[in-house]
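Architecture and fold: a report
Take a look at the letters that make up each chain.
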Amino acid sequence: MKPLPPATEHSRYIGQSVARPNALRLAEGRGTYVDDIELPRMVHVVYWRSPVAHARILKIDASFARMMPGVVTVVDGAEMAKICKPWVATLTHLAGMKSAPQYPLAIDRACWQGEPVVAIVANTRVEAEDALQYLVVEWEALPALIETETALDPDSPVIHGDLGDNLCFTRSLDTAGVDEAFANADAVAEVTFQFGRHTGVTLEPRCQISDYNPSDKRLTVHHSQQAPHMMQDLYSRQLGIPESHIRVICKDVGGSFGIKVHAYPDDFATVALSVMLERPVKFVADRLESFTSDIHARQHRVTGRIAANKTGEILAFEIDDLTGIGPYSMFPRTSAIEGNQVVNLVGGPYRHQQYRAKLNVVFQNKTPTCQYRGVGHPIACAVTEGLVDAVAQKLGMDPLAIRQQNVIRDDAYPMTATSGIKLEGLSHQQCLDKIALMMDYPALRAEQAELRKRGIYRGIGIAALIELTNPSAAFYGVGGARISAQDGATIRLEPTGAITVMVGVGEQGQGTEGIFAQIAADAVGVSMTSVRVVTGDTDVTPYGGGTWASRGAGIGGEAVLQAGLALQKNIVDVASVILKRHASELALVNDAIIEIATSHSLMPLAELGRIAYFRPDSLPAGFTAELMVTRHYAQRDYPFIFTNGVQASLVEVDVDTGFVKLLKHWVVEDCGRVINPMLVDEQMRGAVVQGIGGALFEECLYDDAGLLQNGNMADYLAPMAAEMPDIEVAHVETPTKTSQLGAKGAGEAGTAGAPAAIMNAINDALYPFNATVYSQPITPQKILRALGKV
Amino acid sequence: MKAPAFDYVKPRLLADVFPLLQTYGDEARLLAGGQTLLATLNMRLSEPSVLIDLSAIAELRGITLVGSMLRIGAMVTHSEIEVSALVAQHAPLLPLAAPHIAHRAIRNLGTLGGSIAYADPAAEWPTCLLALDGVVIAKSATGERRIRSDDFIVDLYTTALLPGEIIIACEFPAASAGHWCDFDELSRRHGDYAIVGLAGAGQRSENTLTDLRLVFLGLGATPLRASRAEAIIDGQPLTNGLIDQAVSALKAEFSAVGDLTSDAATKMHLSGVLLKRMLMKQMRLKSA
Ligand SMILES: Cc1cc2nc3c(=O)[nH]c(=O)nc-3n(C[C@H](O)[C@H](O)[C@H](O)COP(=O)(O)OP(=O)(O)OC[C@H]3O[C@@H](n4cnc5c(N)ncnc54)[C@H](O)[C@@H]3O)c2cc1C
């Protein structure tokens, strides 16, 4: 593969595996997470959360709790509602979507186990927890709706009477020729897939310090969050504080994965408490409450069908998706997006002409679900790729061959896929060819056949995928959500020749600040050691959307590039004035102004900085050095810039125990221009592991009453290193033409493809037994049942 | 969550523990490695008013051979057992089981006494204690008594220890010539409490096992001896048929208690697989 032309004229860092500057600080334990911050007069809040799935709150008696040492106040929903408005999380472009008003603290009725109802504020967290034990809340259980399957039955309890039923959103899509395609097909496969509810399990829990200063009426919120400007806007609107009086600071964030891009009821409650108390209030979710109050994701049941003809040509897909999202759509992104994505993405890599989809998004009395790493992709990919394998098996075709035959050709772009999504440029053919080489596919198949004879059952699973990145305003903005699709970067030359880069997209531990430093250094022409990056502060950075939908590199990175190039030009203009040379003869390379013709260094950047800042008197009249530049970027050419890739998994199934051993995982990924191969590879590996978690281990298990049974780190099985396979990663680079940088997102594709690859590998291993498992997480028990052993 | 406030004492002598237990009674809790206890305090599942830390008491440490018994002090950690040459020689089942207990960081703190006292039905040490026919040595203000493993664990998280009594050590019969033992378990993630596990011990002569004790963890409220399977295997040369009979007997003897992701049928099936594999391995070794 020929390397891409460089993104800037003198490229030193973009495309290199440079270590990220903030890694050492974090590794040495010198990060500043919210819980590290102690403010004067700060108090701590704990929330009394509903112990049951659905209850009427009859009486709250806080008299004993108030007597406990250190207690500052006890506040209920009604009192809270006086200063914070309720919200309804819908988007207008999701036609017909509905949800109910939600309050920071439940009033009268709690709708899921874990919903915050009463706030207790004390001088320390321990004192607040001590007082919590003396809070007396009388409640009466209401009928709870737990199963999605019965949510729309006429005799099921309706969670919000005003809405009429439990349907949040429904959508259908039909290309009109689906029935005909199925009728004329040589092979049809039908599968029902189940996807367990799971959650993000960030190492650092959700946490916040809200600090309201009544003297200047300013609110400062330290928050472990992905979208500081979005939160600034929401606090402003819900509490009626002018936006200009609110500062949201997100310094180090210990993992987010989408869990921290939502506005939680307790976020608003904590802010409201600090307004009431006129002092800083800290909230740090503990692990137990994280399990019932952090968003969950991915509870879907999808019935899918696929049609193909004898030659292996895929003709049509059809799906029916039912998903349960909890009692409220989550603010402000809504809980209908995940299902909507499934509809958009199923069949995404392929050339079939017919597609029908039906989606029902229903309410239930469980923790609300919302966007979590991969958003809909792991489901769409598992459904698509599971169906492709199922029909290949009916046709007696090899799984790799049927994909090679059916993927959209690499030269067919730009094009509109059958579901209506617009694809700018993908590389399925190259990726499939590459992974086949990486894994030595024919040799693996031969080995598999040989081992089967000896009673060893290995399986090979392949999953092609597309992934939505670099979103335009089509994602949220057009639906009325005040979520910024554009982002900005400001770069300032310091007198010493260093630069300071301020970006709206923040760091969550994935290395975003590192790639911004690389891009800025190359764009301006300075060494990376001279670059300082500042993110996560609404008082400081340009306005922007933050970190989500794999947009940091593609959107934030392009803004940095453009700001850097503009600053470079301004610096050269200053040099031209000082040196009395024409600007076109000069360049800024390696921290110095050089003469292009000879490459001779004419002036170190520090000298230029000194003159510009301290001796402006020596510059000609009428000339001003503009050494701080801001540029913004929004991707407006497509709704989304899709990436693609392929993953493969090799597993061994112990058919006596149902245990699965992950032997190896391969990834070929096309995220456009790779800015830092090391960081992209690690994003892939981490995301693959999260995908494996969903495929084999993670599930929020509820009992019949709607109580979470495994809400702790012992019983909720997060994937651990010991079970993980080696993950080999390779790249194909098809840069997007919508930006100069050409980068697409890379943070979620691993999670999108891994569950499908693992599931297909397990079913491939079980092939000799005519057994299949389509319910994730795939537990030993499910495999034993499929084998008829239990 | 944060633990509620408690007092903390750290006696240096065993003799000082008993008056403290007398004074505080139910309000006191012994603190060994803390790997179980501290989590229950942090979750406010237990609210003792005083913790008596046993870690400074030298009498509770040490691994020694006392006559024909291997004695391991209550405060000996899982890791110390895992690497002890004396244990490897005289109670080789223990180092086979040790790597399955949690993760190294937890094994560095967790203790034999704490694990035996807590009596988790899926824990490795109580299972091994039963398989090896060990003895728990309990001491109180009024004296010392020896409790046989068969009598020690009486129900879920419930032992024969009396109020005021603490475990000071466990003793295991030192392995003699012909000693046989094996350990295996199935857990979805390394270090988790297993779905099921099996500790086997006895005497081996050629292809025949005698004095056999087969103990399962994770099946019920306590570690369970598979007496019927033992009776079938004990004293008979191992054959495929005999092993199948033992597996059938096992399934007839117990009905397991399911957990969140493995129901009773799955657990019984997996127990059968563990038993069969352990005995087949033994048979293959002998015929090889
Ligand atoms: C993540 C994790 C995973 C784990 N996985 C496993 C596993 O797979 N298998 C397993 O077996 N264990 C596992 N454990 C538990 C671990 O082995 C504990 O160390 C052990 O169960 C308790 O030992 P301790 O020394 O920590 O006791 P502590 O937690 O200090 O005490 C436990 C209980 O025993 C009492 N006690 C302690 N010492 C004595 C004594 N001498 N006499 C009377 N009572 C006493 C205490 O009062 C307390 O009630 C795990 C623990 C964790 C945190």
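Placed above this text is the structure.
Quantities reported herein were computed from a predicted structural model and do not represent experimental measurements.

Turning to the packing of helix α6 (residues 228-239) of chain A against helix α7 (residues 265-277) of chain A, a few remarks are in order. Residue and element names in this part refer to chain A. Relative to each other, α6 and α7 sit at 60°, their axes nearing to 11 Å. Between α6 and α7, the angle is such that the two are oblique. The hand of the α6/α7 crossing is right-handed. Contacts from Met231, Leu234, Tyr235, Gln238 and Leu239 in α6 reach Asp267, Phe268, Val271, Ala272 and Val275 in α7. In the contact of α6 with α7, the residues fall into eight nonpolar, one polar and one charged.

One pass over the structure, following the stated rule, counts 16 aromatic pairs over all chains. Seen from their ring centres, Tyr457 of chain A and Phe769 of chain A are 4.7 Å apart, and the 65° between their planes marks the pair as edge-to-face. Within this pair, whereas Tyr457 of chain A is found in strand β20 (residues 457-469), its partner Phe769 of chain A is found in the loop between α18 (749-765) and β31 (775-776), the two being separated by 312 residues in sequence. Taking the relative accessible area as the measure of exposure, Phe769 of chain A reaches 34% and is therefore partly exposed. Pairing Tyr118 of chain B with Tyr157 of chain B gives two aromatic rings, centres 5.1 Å apart and planes at 40°, and the pair type is tilted. Placement of the pair is Tyr118 of chain B in helix α7 (residues 112-118) and Tyr157 of chain B in the loop between β8 (153-155) and β9 (158-159), with a sequence separation of 39 residues. For Tyr118 of chain B, a relative accessible area of 31% translates into the label partly exposed. Residue classification places Tyr157 of chain B among the partly exposed residues on the basis of a relative accessible area of 42%. Among the aromatic side chains, those forming a connected cluster through ring pairs are Phe475, Tyr476, Trp548, Phe640 and Phe642 of chain A. Over the ring of Tyr264 of chain A we find Arg206 of chain A; its NZ or CZ atom is 3.8 Å from the centre of that ring. Here the basic side chain of Arg551 of chain A rests over the ring of Trp548 of chain A, its NZ or CZ set 4.9 Å away from the ring centre.

All names here are of chain A. The buried fraction of strand β28 (residues 641-654) amounts to 12 of the 14 residues, a majority that puts the element mostly inside the structure. Two strands pair when backbone bridges link them, and β20 and β28 are joined in this way by 13 bridges, in the antiparallel orientation. Among the inter-strand pairings, Gly459 is bridged to a residue of β28, identified as Val651. Here β28 runs beside strand β29 (residues 659-670); their pairing, made up of 11 bridges, is antiparallel. Note that in β29 the partner of Gly645 across the bridge is Glu669. Between β28 and β29, which follow one another and run antiparallel, lie four residues, and Gly658 among them has a positive phi close to 80°.

Turning our attention to the pattern of salt bridges. Tallied over the entire structure, the rule returns 62 salt bridges over all chains. Here Arg482 of chain A ties to Asp233 of chain A by a salt bridge, and the two come within 2.9 Å at their closest N and O atoms. Placement of Arg482 of chain A in the loop between β20 and β21 (487-493) and of Asp233 of chain A in helix α6 is noted, with a sequence separation of 249 residues between them. The buried category is assigned to Asp233 of chain A, whose relative accessible area is 2%. Two residues, Arg785 of chain A and Asp263 of chain B, come together in a salt bridge whose shortest N-O distance is 2.6 Å. Remark: Asp263 of chain B occurs in the loop between α11 (240-253) and α12 (264-287) and Arg785 of chain A occurs in helix α19 (residues 780-786); the pair is interchain, linking two chains. When its relative accessible area of 44% is taken as the criterion, Arg785 of chain A is described as partly exposed. Each member of the salt-bridge network shares a partner with another, and the members are Arg49, Arg125, Glu129, Asp130, Arg206, Asp266, Asp267, Asp286, Glu289 and Asp294 of chain A together with Arg44 of chain B.

With that settled, consider the interface of chain A and chain B. Contact residues are listed per partner, giving 32 residues for chain A and 25 residues for chain B. Summed over the three residues of chain A that lose the most area to chain B, namely Glu129, Phe659 and Gln781 of chain A, the buried surface amounts to 20% of that side. Between the two partners, chain A and chain B, sit five salt bridges. Here Arg277 of chain B makes a salt bridge to Asp654 of chain A, at a shortest N to O gap of 2.8 Å. Connecting chain A to chain B are 15 residue pairs in polar contact (both at pLDDT 80 or more). When residues of the side of chain A that touches chain B are traced back to their parent elements, those giving at least two are α4 (125-132), α17 (677-697) and α19 of chain A.

We now examine unusual backbone geometry. Across the chain, the bulk of peptide bonds are trans and the bulk of non-glycine residues have phi less than zero. Backbone torsion omega between Phe331 of chain A and Pro332 of chain A reads -10°, so that peptide bond is classified as cis. When you line up the elements, Pro332 of chain A lands in the loop between β16 (314-324) and α9 (337-345). At the junction of Tyr413 of chain A and Pro414 of chain A, the peptide bond is cis and its omega measures out at -5° in the coordinates. The topology assignment puts Pro414 of chain A in the loop between α11 (399-406) and β18 (415-416). Phi at Val201 of chain A takes a positive value of approximately 50°, unusual for a residue other than glycine. Looking at where Val201 of chain A falls in the secondary structure, it is placed in the loop between β9 (198-199) and β10 (207-213). Look at Val201 of chain A and you get buried, because its relative accessible area is 19%. One non-glycine residue, Glu206 of chain B, lies in the positive phi region at around 50°.

Now for the sheet that holds strand β4 (residues 109-110) of chain A. Residue and element names in this part refer to chain A. With antiparallel pairing, the three strands of this open sheet are ordered in space as β4-β2-β6. Single-partner strands in this sheet number two, and they are β4 and β6 (136-141). Relative to β6, strand β2 (residues 55-61) runs antiparallel, the two sharing six bridges. Of the residues in β6, the one forming a bridge with Lys59 is Glu138.

Calculation notes
Residues numbered from 1 in each chain as written. Chains lettered and ligands numbered in written order. Predicted model: local features only at pLDDT ≥ 70, side-chain atom pairs only at ≥ 80, totals over all residues. Heavy atoms only, no water. Axes fitted to C-alpha atoms, helices over the stretch in contact; angles between N-to-C directions. Helix = DSSP H or I, 4+ residues; strand = E, 2+ residues; numbered from the N terminus. Parallel < 35°, antiparallel > 145°, perpendicular 65-115°, else oblique. Left-handed = near helix turned anticlockwise from the far one by under 90°. Contact = heavy atoms within 4.5 Å. Nonpolar A, V, L, I, M, F, W, Y, C, P; charged D, E, K, R; others polar. Phe/Tyr/Trp six-rings, centres within 6.5 Å; stacked < 30°, edge-to-face > 60°. Buried < 20%, exposed > 50% of the residue type's maximum accessible area, 1.4 Å probe, protein only. Lys NZ or Arg CZ within 6 Å of the ring centre and 35° of its normal. Pairing = 2+ DSSP bridges. Salt bridge = Lys/Arg side-chain N within 4 Å of Asp/Glu carboxyl O. Buried area = accessible area lost by both parts, 1.4 Å probe. Polar contact = N/O pair within 3.5 Å; in protein donor to acceptor, adjacent residues only side chain to side chain.

Worth remembering: the numbers are spatial, not functional.
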